Amino acid sequence: MILMMNRRKTNNTFLSYIFQLIWFFLSMNVGLGQNQTSEIKVGVVLDLNTTFSKICLTSINMSLSDFYKDHPSYRTRITLHVRDSMEDTVQASAAALDLIKNEQVSAIIGPRNSMQAEFMIRLANKTQVPTITFSATSPLLTSIKSPYFVRATLDDSSQVKAIANVVKSFGWRSVVAIYEDNELGKGLMPFLSDALQNVEVNKSAISPEANDGQIQNELRKLMGRQTRVFVVHMESSLGLRVFQKAREIGMMEEGYVWLMTNELTHMMRHIDHGHSLNTIEGVLGVRSHVPKSKELEDFHLRWKRSFEKEKTSTRNELHIFALWAYDSITALALAVEKTNFNSLQYDNGSASSKNMTDLGNVGVSRYGPSLQKALREVSFKGLAGDFNLTDGQLESPKFEIVNFVGNKERIIGFVNASSDKTKLGPVIWPGKSKTIPKGWEIPRKKLTVGVPMKKGFFDFVEVIKDPTTNKTTAKGYAIDIFEAALKKLSYSIILEYVSLETPIDYNNLVCQVYDKTWDAVVGDVTITANRSLYVDFTLPYTESGVSMMVPVRDNENKNTWVFLEPWSLGLWVTTGCFLVLIGFVVWLFEHRINTDFRGPPHHQIGTSFWFSFSTMVFANREKVVSNLARFVMVVWCFVMLVLTQTYTANLTSFLTAQSFHPAAITVNDLIKNKDYVGYQGGTFVKDILLDLGFQKNKLKPFYSAKEAVELLSKGKSNGIAAAFDEVAYLNAILSQSCSKYAMVEPTFKTAGFGFAFPKNSPLTGDISTAILDVTQGDEMQEIENKWFPKKNDCPDPTTALTSNRLSLRNLWGLFLIAGTASLLALLIFVVLYLNEHRHTLCDDSEGSLWKKLKVLFRTFDEKDLKSHTFKNTDVHNVSSPMTEHYIQSPSTVQITPRPPSLSLNMEFELRRIFLYPERRTLHYTTDIS
């Protein structure tokens, strides 16, 4: 019995162990199951009563379902805690605070728009709770610089390059940006202006609460401007109302251009049951490209089936924000799975007595830092395209350029983020036009043209006011050119001339255009770099440059030494030296064989000088019998021919074309002498003179041609020594006073006169082209002759008044030729002479070298009886032919022949020659002693 009882007890114990073991494993399984799926709380803040948010929330729920269906083994599960922001910024902030403080969510999805997002981003930064937005696109949110802000949608600034490419591809130079007056609209404007650097960007803000009347009034203001290109950036509901009012007042007709930004382009087809597309016919749009995929088509079908269960008036179509919402949840689920979720709690907020509000006591998430790091590393291919984050911002895809025609959308081109060029297809513009709009149009009103009120130089521009009608008219050289250019345009412009009551500075005139007070400034306005920063100038219509005008000296009684002017001092000295050299060389060659170059020393010197200097006028009568002398003279006569001709031409130039020359030549002379100089008051010429180094107290302004002439006529002491002004003004003065004044160098470069228009005004290019047409035709000459008739006795203004003396540098080649020829001939003569008397040099009986040289010099001074000039007795006397005809009495000529031997001392024979002219015979007597 006891044994039986022990067996039963043992069995019961065994069974109890079995049951305990089974319970243990069951408990383990339950525990393991709980650890495998951890719950991650995620808050959602949306305007739940709007169709937009309903569509996005459906996508969010489908994204969670699809994700965990595709990844059943993931250890985490996101649970959504949805809050309604009620289309209010404060309510959105309160909803986010409730989710963080009461639900202690690990992340927040939302909010709907950029206005609601700003506070939520700052709250997320404080609590370290990542906030993911798929619909807040304002670039201003990036400036908060919170690492816990993740933008899973495109920043609006990413599209400005595509907008700029469209504008530039059609050549439009001015646009009007119509934007919503809140964070959404204001955030894009700086980026749009930067992208359109060479395009004028005007802005027009419309309040989100504006009624139809206010919208219409703003559009009518824009209609009165010249620009016809409008870039619209606002939410779709407000954008539709703007387009409806634009169509009502006639701004959707031919000639207008409308370009919508990304969000508006995506959303227009989703409102008003798609009928809004008829309202925007001919409009262009820029939108992000969504690549087609099988997954997107499948999701679209499933989303339709899911959304059709709800009663809604919206077209059952997905928009881009619903796709970004889907991808945002997918990215968050991937990031959650990669993080360590053991610390999902919050650290307690500050318990300071100063922080009595809920915001002050809010906790800080321990899980947030690791989650935001994992989010930035997520990368996958989503429904909207590649999902890659750079600095918490979704990378930009390429953009589509869409043309709305009827109720259809035509993609006419693509723009890549890295491309600066866009190739677009044909466009149907508003009014069903196929002609590219020029982007501007002169409204049906007068073009207000400002003209300067001047004290003088009325030939350029003069303002005339009718005292009866108070109507302002203008006339002058500049006005005629401007009106002639307007006639060349293909469209008509009605002008209204205006001017300030008192004369003003030209820079202030330009400011009137910059401030939009006037539509243009026409007159003698100089194009400068500083003024070009504020306005655009047409091409210049006058000669450019600033020059100097001075009185001319009367040289009628002061030209005593004018004959020396054609040559420089160096050329005169060189010519004189060569004349002496040539005379000496010819004497050297002719002395022994030509009696014309013999006689007493003073006679020989005179003959040599006379012979060389007479070659200047080719008046020499002496014969040249030596071949070497003839060679030298041929070369020298050629040199003298060139020298005399150039001298004659240059002297003629000085006596005719330059019968007058200025009293001052250089600016440095004026500065050095501290002379007074004049300039036209109110112009930039004063700044040029100060930069050159003129003292301010040495500058005197003048305001008319008459004042300039009066100052110059008073001279340096009481007036001015020179007048500085633009070439056009100086030419106007010289056209009437060319005999008294002259324009001299230097000329300081300027761009000339031009007409000023506002920056990027379309009229600038058209009128510049018309000015070219006018200036290149006969009409320009007629206008110049009308206002600046030239006197017949005026010299050519292009004649240079600077010195044109000839210097040695101009003619040194001639002297090189003459010198080389003389040196070569002299060398040949010396060689021949030494060779002829080599026995004297080799004879040792003569003694020293000095004695031998003395003998050679003595021999050189004698006649060379071996020369052919002395062999014929009829021409033994080779004197000038003048001797034979004019000597009437006998003469005696003593000739000492060369002795037979130079080493012997003997008396030479004396020959007497009796000349009987009447018989033409010679008698010789010879005495030998």
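Residues numbered from 1 in each chain as written. Predicted model: local features only at pLDDT ≥ 70, side-chain atom pairs only at ≥ 80, totals over all residues. Heavy atoms only, no water.

- An unreviewed UniProt entry annotates the protein as Glutamate receptor of Camelina sativa.
- Note on the protein: under the UniProt heading Subunit (unreviewed entry), the record states "May form heteromers." (UniProt positions renumbered as here; feature names shortened; annotations may be inferred.)

A word on the overall build of the protein
Moving on, step 1. Helix and strand counts for the protein stand at 29 helices and 32 strands.
Moving on, step 2. Each of the 929 residues in the protein was classed as buried or not, and the buried ones make up 48%.
Moving on, step 3. A fraction of 72% describes how many contacts in the protein between residues 6 or more apart in sequence connect residues 24 or more apart.
Moving on, step 4. Split by element, the accessible area of the protein, about 47800 Å² in all, is 54% carbon and sulfur. (Helix = DSSP H or I, 4+ residues; strand = E, 2+ residues; numbered from the N terminus. Buried < 20%, exposed > 50% of the residue type's maximum accessible area, 1.4 Å probe, protein only. Contact = heavy atoms within 4.5 Å. Areas by Shrake-Rupley, 256 points an atom, 1.4 Å probe, with all protein chains shown as cover.)

Description of the UniProt feature "transmembrane region" (unreviewed entry) in the protein
Moving on, step 1. Within this structure's numbering, the places UniProt gives as "transmembrane region" (unreviewed entry) are residues 567–589, 628–647 and 811–834.
Moving on, step 2. Secondary structure content for residues 567–589 is 91% helix and 0% strand, while the C-alpha to C-alpha distance between its ends is 31 Å.
Moving on, step 3. Counted over residues 811–834, helix gives 100% and strand 0%. Its end C-alpha atoms are 35 Å apart.

Observations concerning the environment of valine 585
Moving on, step 1. Here valine 585 lies in helix α16 (residues 569–590).
Moving on, step 2. Linking valine 585 and leucine 823, residues 238 residues apart in sequence, is a C-alpha distance of 9.0 Å.
Moving on, step 3. Those residues within four positions of valine 585 in sequence are excluded, and the remaining contacts are Val632 and Ser822.

With respect to the sheet that holds strand β23 (residues 535–537)
Moving on, step 1. In space, the five strands of this open sheet follow the order β21-β18-β22-β30-β23, with mixed pairing throughout. The outermost strands of the open sheet, each flanked by one partner alone, are β21 (495–498) and β23. Recorded for the sheet is a direction-independent mean angle of 30 degrees between the axes of neighbouring strands.
Moving on, step 2. Strand contacts of helix α14 (residues 477–487): β18 (447–450), β21, β22 (520–526) and β30 (753–758), with the helix running at about 160 degrees to β21, the strand carrying the most contacts. (Pairing = 2+ DSSP bridges. Axes fitted to C-alpha atoms, helices over the stretch in contact; angles between N-to-C directions.)

Topic: the confidence of the model for the protein
Moving on, step 1. Of the residues in the protein, 81% reach a pLDDT of 70 or more, and the chain-wide mean stands at 81.
Moving on, step 2. When mean pLDDT is compared element by element in the protein, strand β8 (residues 229–233) scores highest at 97, while helix α29 (residues 881–886) scores lowest at 39.
Moving on, step 3. For residues 797–803, every residue scores under 50 in pLDDT, and the model assigns this stretch nine contacts once sequence neighbours within four places are set aside. (pLDDT = per-residue confidence, 0-100.)

Observations regarding a nonpolar patch on the surface
Moving on, step 1. On the surface, a cluster of nonpolar side chains totalling about 340 Å² of accessible area is made up of Val580, Ile605, Phe609 and Phe613.
Moving on, step 2. The element that contributes the greatest number of residues to the nonpolar patch is helix α17 (residues 601–614), accounting for three residues.
Moving on, step 3. With respect to the helices and strands, phenylalanine 613 occurs in helix α17.
Moving on, step 4. For phenylalanine 613, a relative accessible area of 36% gives the class partly exposed. (Patch = residues over 30% accessible without salt bridge, like charges linked within 9 Å, V, L, I, M, F, W, Y side chains within 5 Å. Salt bridge = Lys/Arg side-chain N within 4 Å of Asp/Glu carboxyl O.)

Some remarks on the pairing of strand β7 (residues 200–206)
Moving on, step 1. Counting buried residues in β7 gives five out of seven residues, a clear majority hidden from the surface.
Moving on, step 2. For the crossover from strand β6 (residues 174–180) across helix α6 (residues 183–195) to β7, the handedness is right-handed. (Right-handed = clockwise from strand over helix to strand, strands pointing away.)

Remarks on the packing of aromatic side chains
Moving on, step 1. Throughout the structure, instances matching the rule amount to 32 aromatic pairs.
Moving on, step 2. Judged by centre distance (5.1 Å) and plane angle (50 degrees), the rings of phenylalanine 460 and phenylalanine 788 are tilted. Here phenylalanine 460, found in the loop between β18 and β19 (462–465), pairs with phenylalanine 788, found in the loop between α25 (778–787) and α26 (808–836); they are 328 residues apart in sequence, far enough to count as distant. Phenylalanine 788 carries the same exposure label as phenylalanine 460, and that label is buried.
Moving on, step 3. A ring pair is formed by tryptophan 572 and tyrosine 647, whose centres lie 5.7 Å apart and whose planes are at 75 degrees; its orientation type is edge-to-face. Placement of tryptophan 572 in helix α16 and of tyrosine 647 in helix α18 (residues 627–655) is noted, with a sequence separation of 75 residues between them.
Moving on, step 4. Residue class for tryptophan 572 comes out partly exposed when judged on its relative accessible area of 27%.
Moving on, step 5. In this structure an aromatic cluster arises from ring pairing among Phe457, Phe460, Tyr477, Phe482, Tyr541, Tyr729, Phe753, Phe755 and Phe788. (Phe/Tyr/Trp six-rings, centres within 6.5 Å; stacked < 30°, edge-to-face > 60°.)

A closer look at the environment of lysine 294
Moving on, step 1. By secondary structure assignment, the location of lysine 294 is in helix α11 (residues 294–307).
Moving on, step 2. Among the residues examined, lysine 294 registers a relative accessible area of 68% and is labelled exposed.

Some details on the pattern of salt bridges
Moving on, step 1. According to the stated counting rule, one finds 22 salt bridges in the structure shown.
Moving on, step 2. With its nearest N and O atoms 2.8 Å apart, the salt bridge here joins arginine 287 to glutamate 400. You can see arginine 287 sitting in strand β10 (residues 284–288) and its partner glutamate 400 sitting in strand β16 (residues 399–405), a full 113 residues away along the chain.
Moving on, step 3. Classification of arginine 287 as buried rests on a relative accessible area of 8%.
Moving on, step 4. Its relative accessible area of 5% is what places glutamate 400 among the buried residues.
Moving on, step 5. Linking lysine 716 and aspartate 675 is a salt bridge whose minimum nitrogen-to-oxygen distance equals 3.9 Å. Note that lysine 716 is positioned in helix α22 (residues 715–718) and aspartate 675 in the loop between α19 (667–673) and β26 (677–680), a separation of 41 residues in sequence.
Moving on, step 6. For aspartate 675, a relative accessible area of 9% corresponds to the buried category.

Quick look at helix α2 (residues 51–70)
Moving on, step 1. The end-to-end C-alpha distance of α2 is 29 Å, a good match for the 28 Å that 20 residues give at a rise of 1.5 Å each.
Moving on, step 2. Within α2, 14 of the 20 residues are buried, leaving the element largely enclosed by the surrounding structure. (Expected span 1.5 Å × (residues − 1).)

A short note on the sheet that holds strand β17 (residues 408–415)
Moving on, step 1. The seven strands are arranged β7-β6-β8-β9-β10-β16-β17 in an open sheet whose pairing can be described as mixed. Each having just a single partner strand, β7 and β17 make up the two edges of the open sheet. Going from strand to strand, the sheet's axes swing by 25 degrees on average, the running direction of each strand aside.
Moving on, step 2. Pairing geometry for β6 and β7, over seven bridges, is parallel.

Thoughts on the nonpolar core
Moving on, step 1. Residues Ile60, Ile78, Ile109 and Leu332 are the most contacted members of the largest nonpolar core, which totals 83 residues.
Moving on, step 2. With 14 residues, helix α12 (residues 320–338) is the largest single contributor of residues to this core.
Moving on, step 3. With sequence-adjacent residues up to four places away left out, isoleucine 78 is seen in contact with Ile40, Val42, Leu64, Tyr68, Leu332, Ala333 and Val336.
Moving on, step 4. Residues Tyr497, Phe537, Met549 and Leu763 belong to the second largest nonpolar core, which totals 63 residues. (Core = buried A, V, L, I, M, F, W, Y, C linked by side-chain atoms within 4.5 Å.)

Quick notes on helix α13 (residues 368–376)
Moving on, step 1. Those residues of α13 that sit buried are Gly368, Leu371, Gln372, Ala374 and Leu375. Projected onto a plane normal to the axis of α13, the buried residues spread over an arc of 160 degrees and lie on a single side.
Moving on, step 2. In this structure, the buried side of α13 is in contact with β3 (107–109), β4 (131–133), β5 (149–151), α12, β12 (364–365) and β14 (385–390). (Arc of directions from axis to C-beta.)

Let's talk about the side chain of aspartate 84
Moving on, step 1. In this structure, aspartate 84 sits in strand β2 (residues 76–84).
Moving on, step 2. A distance of 3.1 Å separates a polar side-chain atom of aspartate 84 from the backbone nitrogen of leucine 48.
Moving on, step 3. Reaching out from aspartate 84, the side chain makes a polar contact with the backbone nitrogen of methionine 86 at a distance of 2.9 Å.
Moving on, step 4. Not counting chain neighbours up to four residues away, the residues in contact with aspartate 84 comprise Leu46, Asp47, Leu48, Asn49 and Gln91. (Polar contact = N/O pair within 3.5 Å; in protein donor to acceptor, adjacent residues only side chain to side chain.)

Quick notes on the side chain of serine 499
Moving on, step 1. Along the chain, serine 499 turns up in the loop between β21 and α15 (506–514).
Moving on, step 2. The buried category is assigned to serine 499, whose relative accessible area is 11%.
Moving on, step 3. In this structure the side chain of serine 499 is engaged in a polar contact, spanning 3.0 Å, whose partner is the backbone oxygen of valine 451.
Moving on, step 4. Beyond its immediate sequence surroundings of up to four residues, serine 499 is in contact with Val451, Pro452, Met453, Val463, Lys465 and Trp518.

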